[in-house]
Amino acid sequence: MTTSTRGAARTPAVLVLEDGRTFRGRAYGAVGETFGEAVFSTGMTGYQETLTDPSYHRQVVVMTAPHVGNTGVNDEDPESARIWVSGYVVRDPARTPSNWRAKRSLDEELERQGVVGISGIDTRALTRHLRERGAMRVGIFSGEAIADEATLLAKVQAAPQMKGANLSAEVATKEPYVVPAIGEKKFTVAAVDLGIKGMTPQRMAERGIEVHVLPATATAEDVYAVNPDGVFFSNGPGDPATADHPVSVMRAVLERKTPLFGICFGNQILGRALGFGTYKLKYGHRGINQPVQDRTTGKVEVTAHNHGFAVDAPLDKVSETPYGRAEVSHVCLNDNVVEGLQLLDQPAFSVQYHPEAAAGPHDAAYLFDRFVSLMEAERA
């Protein structure tokens, strides 16, 4: 529940974690109350892309960078048509935006879209708490929503958890649409939207791919109705253990040996399709500074991440699956979490991070070229 109130920066606000830890600050954006899973992002730029990433649906994002909002908000950088975060937590919001593309301030945009936030709290202490205790449910309350702490804590503890949440259909397109190839059309790709970011079909279009974006409820028949040269499964929110329908569609694609590429949630879907399990990370990977090694080349990349779940696949051996041999192709150098999978006997691969990375870094952009190469080889 939110209510928009001018002068929110002077309105008191309180953040309550499900374990009872409380932080007091000032309202930022809309005034009211909101709930979600508290997670932290280590990116020092790209906050507009973070806010509009559908993968953040039902999450309250804590920014570890202390100063947020100095470039304001523009109309070119959103990754979707709206802000998806449930709430926003910053330490030191910019008083006045300064950028030639800015149309309005960040707090004005949060207020306009009804996103409840809080500022003026020690986000470093909050981040350390989440690292030690793990991601957990949280509520932000401001204005008339503030009550005694016992009442607020009971509300937080009654909110739904992220584990077991099936959210892709809530953020995906309801109707198919097409992103045309830029220049000469070379390939057609069917992209299953599980929470796709706008820059993903753009990166494919730049490579001469006509992208048919399909709803999360699309069937295998819907996928092949567009006569694709390749199939793509996008990022998205929620627990991959609930994604039985996308897994069944991906298995149909694997059976036909069509070139396949998955990002983030798509990587977890591939993991499940191959017979691997998934699990919830303690506090996840979120930010644009995560080191990943491409084990196929040995190259280390700085990459953009947003995931709270991961694939449970062996790092030290090639696995036998119903679709041939599979191996872990990418690994996070911070904690050895699986960051990519590839099949060795047919053209299919995925990564857990975001090679489209509109705010940067762009170390992993070559993965779209790798997808193109698979389609070229299949055509040849």
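The rules behind these values
Residues numbered from 1 in each chain as written. Predicted model: local features only at pLDDT ≥ 70, side-chain atom pairs only at ≥ 80, totals over all residues. Heavy atoms only, no water. UniProt positions renumbered as here; feature names shortened; annotations may be inferred. Helix = DSSP H or I, 4+ residues; strand = E, 2+ residues; numbered from the N terminus. Rg over C-alpha atoms; globule rule 2.2 N^0.38 Å. Buried < 20%, exposed > 50% of the residue type's maximum accessible area, 1.4 Å probe, protein only. Contact = heavy atoms within 4.5 Å.

The name given to the chain in an unreviewed UniProt entry is Carbamoyl phosphate synthase small chain, with the source organism recorded as Streptomyces coeruleoprunus. The record in UniProt for the chain states the following under Sequence similarities (unreviewed entry): "Belongs to the CarA family."

S.K.: Got a sec to walk through the overall build of the chain? Specific residues and values, please.
M.R.: Of the regular secondary structure elements, the chain holds 10 helices and 21 strands. Taking 2.2 N^0.38 as the reference for a compact globule, 380 residues should give roughly 21 Å; the C-alpha atoms of the chain span a radius of gyration of 21 Å, in line with that estimate. Each principal axis of the C-alpha atoms in the chain carries an extent, and together these give about 65 × 40 × 35 Å. Per-residue burial over the chain gives 58% buried out of 380 residues. Sequence separation of at least 24 residues holds for 75% of the intrachain contacts in the chain that already meet a minimum separation of 6.

S.K.: Go over unusual backbone geometry, please, and point to the residues and values.
M.R.: Look at the link from Gly360 to Pro361: it is a cis peptide, with omega at -5 degrees. Within the chain, Lys257 stands out as a residue other than glycine whose phi angle is a positive 60 degrees. Mapped onto the elements, Lys257 comes out in the loop between α8 (244–256) and β15 (260–263). A residue is classified by how much of its surface remains accessible, and Lys257, at 46% relative accessible area, is partly exposed.

S.K.: For the UniProt feature "active site" (unreviewed entry) in the chain, give the residues involved together with the corresponding values.
M.R.: In the UniProt entry, the feature "active site" (unreviewed entry) is given for Cys264, His354 and Glu356. These residues run over 93 residues, yet every pair of their C-alpha atoms falls within 11.3 Å of each other. In this fold, Cys264 is placed in the loop between β15 and α9 (265–274). Looking at Cys264, the relative accessible area reads 2%, which means it is buried. Residues in contact with Cys264, not counting those within four places in the same chain, are Asn235, Asn306, His307, Val351, Gln352, Tyr353 and His354. What makes His354 buried here is its relative accessible area of 3%. Contact partners of His354, with chain neighbours within four places excluded, come to Lys197, Asn235, Ile263, Cys264, Ala304, His305 and Asn306.

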